[in-house]
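Close look at the chain arrangement
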Amino acid sequence: MTLFSVEGKTVVVTGGSRGIGKMIARGFADAGATVYISSRKKDELEAAAAELGCAAVQADLSTAEGVAALVRAVSARENRLDVLVNNAGATWGAPLDEYPEQAFDKLWNINVKGVFFLTRSFLPLLRASASPDDPARVINIGSVDGLRVPFMENYAYSAAKAAVHMLTRHLAHRFARESITVNAIAPGPFESKMMAFALDDPHTRAAIESGIPLSRIGRPDDMAGAAIYLASRAGAYLTGAVIPVDGGLSTQG
């Protein structure tokens with residue numbers, strides 16, 4: 001199935017030590033790609049890298065130093081980058097009257113600025129991979145919460161993810177002339193630390209599942225499959241898209 005092959009591609013997945021990032025990293029590694037994962041927490045990162053059979057780079061991508069460290073580490077070992085998956089991010093929930101200013105600062109820095117500056121910093125390696133027949137790929141992880149009003153009070157998170165979706169379109173337009181595609185995946189509920197507060201409670205989980213048209217939580221293959229499609233020959237003509245992988249949740253307004 002060469003249409004969906006990513007064998008031999010070099011892939012960076014940020015926030016790849018757990019949750020959605022780990023699902024994506026595992027999918028690429030199992031499909032024969034060379035995978036680098038990054039995160040802030042060294043022990044968790046190294047354990048995930050050993051489990052997945054990929055390389056690990058510790059980096060805080062909310063800072064310029066962290067962005068530079070990741071790019072430097074990958075550039076020391078690779079002369080091209082075929083796929084960049086911008087997954088690293090954070091959330092923050094609190095009632096409206098208590099919602100802190102620092103939530104907006106933290107989430108803007110990692111969820112939006114981090115995506116922009118890491119992508120820009122990796123441009124030399126992405127350009128080295130890019131060709132009209134096989135573009136280099138940037139895949140940004142947005143959220144269904146950036147497409148519809150969330151059921152949780154996560155104001156900074158939903159605003160930042162909506163910004164990721166627009167940034168995706170803007171970069172896609174700019175990079176098309178260089179044979180680099182930029183797309184976003186907007187996940188619905190998946191098993192992750194970010195969703196554990198809700199999914200670990202049986203009653204809350206059941207309520208969430210009942211509100212999803214396909215009546216279930218997302219599975220690892222759902223997420224890995226979407227990313228592999230975007231990175232393969234099958235997805236070579238798609239750019240500027242925001243793809244909801246949410247069981248139909250975003251169809252409800």
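Residues numbered from 1 in each chain as written. Predicted model: local features only at pLDDT ≥ 70, side-chain atom pairs only at ≥ 80, totals over all residues. Heavy atoms only, no water.

- The name an unreviewed UniProt entry gives the chain is SDR family oxidoreductase, with Microbispora oryzae as the organism.
- According to UniProt, the comment filed for the chain under the heading Sequence similarities (unreviewed entry) is "Belongs to the short-chain dehydrogenases/reductases (SDR) family." (UniProt positions renumbered as here; feature names shortened; annotations may be inferred.)

1. Notes on the packing of aromatic side chains
- A full pass over the atoms with the stated rule returns 3 aromatic pairs.
- Among the aromatic residues, ring-to-ring pairing joins Y99, F104 and Y155 into one connected group. (Phe/Tyr/Trp six-rings, centres within 6.5 Å; stacked < 30°, edge-to-face > 60°.)

2. A look at the packing of helix α1 (residues 19-30) against helix α9 (residues 220-231)
- Their axes nearest at 8 Å, the elements α1 and α9 cross at an angle of 60°. Viewed along their axes, α1 and α9 adopt a mutual orientation that is oblique. Note on packing geometry: the crossing formed by α1 with α9 is right-handed. Contact residues: α1 offers I20, M23, I24, G27 and F28, while α9 offers P220, M223, A224, A227, I228 and A231.
- Residue composition of the contact of α1 with α9, by class: 10 nonpolar, 1 polar and no charged. (Axes fitted to C-alpha atoms, helices over the stretch in contact; angles between N-to-C directions. Helix = DSSP H or I, 4+ residues; strand = E, 2+ residues; numbered from the N terminus. Parallel < 35°, antiparallel > 145°, perpendicular 65-115°, else oblique. Left-handed = near helix turned anticlockwise from the far one by under 90°. Contact = heavy atoms within 4.5 Å. Nonpolar A, V, L, I, M, F, W, Y, C, P; charged D, E, K, R; others polar.)

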